[in-house]
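Here is how the chains run, residue by residue.
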Amino acid sequence: MNKIILTNDVIDKNIDKKIKIDVSEINELVNVKKIIIEPLEDTKLEISYNMDYFKADIEINIGENINFDLFELRENGSVKVKYNYKVGKNSVLNIVKFYDSKSVKEIDTINLNGE
C-alpha cells in the first residue's frame, strides 16, 4: 500500500508508480500545504498525520475506470483540511477516516465525472 506520513514539517512519501503526488507550499506565511494526488491505476493510499498543527488544501484527481481506496489516520494536534475530489467516469472512491485529534475542521467537495 502507498503511504504518506506527515510529521511536523516532514512529509515522507512511500509510493509506487501507480500514483502521482505533488506537494507544494501555497502560502509560507500561514503554512498551508497544497497536496495533489492522482492515482494512475487501481491502488490504495494511506495518509497519516501526526503533528501539532496542520493546514492543507488536498486535491484528489481520479481518472476514468479507476478504483481508489483512501485511508486517513489523524493523531494529536489541530487539523484544517479542504478536500477537492474529482472522480472520473466509472471510477470508485472509498474513503476511511480515523481521527484522534484536538480539533478537526474539514470541507469536502466532490465533483463527479471529473468536472
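Small disclaimer: the values here were computed from a predicted structure and weren't measured.

Peer 1: For this particular structure, what's the right way to read the pattern of salt bridges?
Peer 2: Side chains that differ in charge, positive against negative, can pair when their charged atoms come close. What the rule picks out here adds up to seven salt bridges. The salt bridge partner of glutamate 59 is lysine 86, with a shortest N-O separation of 4.0 Å. Taken together, the residues span a long stretch of sequence, with glutamate 59 in strand S6 (residues 53-62) and lysine 86 in strand S8 (residues 78-87) at a distance of 27 residues. By relative accessible area, which is 26% here, lysine 86 ends up partly exposed. Where salt bridges share partners, they join Glu72, Arg74, Lys97, Glu106 and Asp108 into one cluster.

Peer 1: What is the right way to read unusual backbone geometry from this model?
Peer 2: Excluding glycine, most residues fall at negative phi; most peptide bonds, likewise, are trans. One non-glycine residue with positive phi stands out, namely asparagine 65, at about 60 degrees. Of note, asparagine 65 is situated in the loop between S6 and strand S7 (67-75). By relative accessible area, which is 52% here, asparagine 65 ends up exposed.

Peer 1: Would you explain the nonpolar core in this entry?
Peer 2: For soluble globular proteins, nonpolar side chains are generally found buried alongside one another. Ranked by internal contacts, the top residues of the largest apolar core, which has 23 residues, are Ile37, Leu45, Phe54 and Ile58. Counting only elements with at least two residues in this core, the list comes to strand S1 (2-7), strand S3 (19-27), strand S4 (32-39), strand S5 (43-50), S6, S7 and S8. Dropping the residues within four chain positions of it, phenylalanine 54 is found in contact with Leu6, Lys33, Ile35, Tyr49, Ser78, Val79, Lys80 and Val81.

Peer 1: What should I look at first to understand the packing of aromatic side chains in this one?
Peer 2: A ring pair, where both rings are aromatic, is described by two values, the distance of the centres and the angle of the planes. A complete count under the given rule lists two aromatic pairs for this structure. With centroids separated by 5.2 Å and ring planes inclined at 50 degrees, the aromatic side chains of tyrosine 49 and phenylalanine 54 adopt a geometry described as tilted. Of the two residues, tyrosine 49 and phenylalanine 54, neither departs from the other in class, the shared state being buried. Each ring, one from tyrosine 83 and one from tyrosine 85, has its centre 5.4 Å from the other, and the planes form 5 degrees; the classification is stacked.

Peer 1: I would appreciate a short explanation of a nonpolar patch on the surface in the present structure.
Peer 2: On the surface, a nonpolar cluster with roughly 250 Å² of combined accessible area is contributed by Leu73, Val96 and Phe98. Among the structural elements, leucine 73 can be located in strand S7. Classification of leucine 73 by relative accessible area gives partly exposed; the value is 33%.

Thresholds applied
Residues numbered from 1 in each chain as written. Predicted model: local features only at pLDDT ≥ 70, side-chain atom pairs only at ≥ 80, totals over all residues. Heavy atoms only, no water. Salt bridge = Lys/Arg side-chain N within 4 Å of Asp/Glu carboxyl O. Helix = DSSP H or I, 4+ residues; strand = E, 2+ residues; numbered from the N terminus. Buried < 20%, exposed > 50% of the residue type's maximum accessible area, 1.4 Å probe, protein only. Core = buried A, V, L, I, M, F, W, Y, C linked by side-chain atoms within 4.5 Å. Contact = heavy atoms within 4.5 Å. Phe/Tyr/Trp six-rings, centres within 6.5 Å; stacked < 30°, edge-to-face > 60°. Patch = residues over 30% accessible without salt bridge, like charges linked within 9 Å, V, L, I, M, F, W, Y side chains within 5 Å. Areas by Shrake-Rupley, 256 points an atom, 1.4 Å probe, with all protein chains shown as cover.

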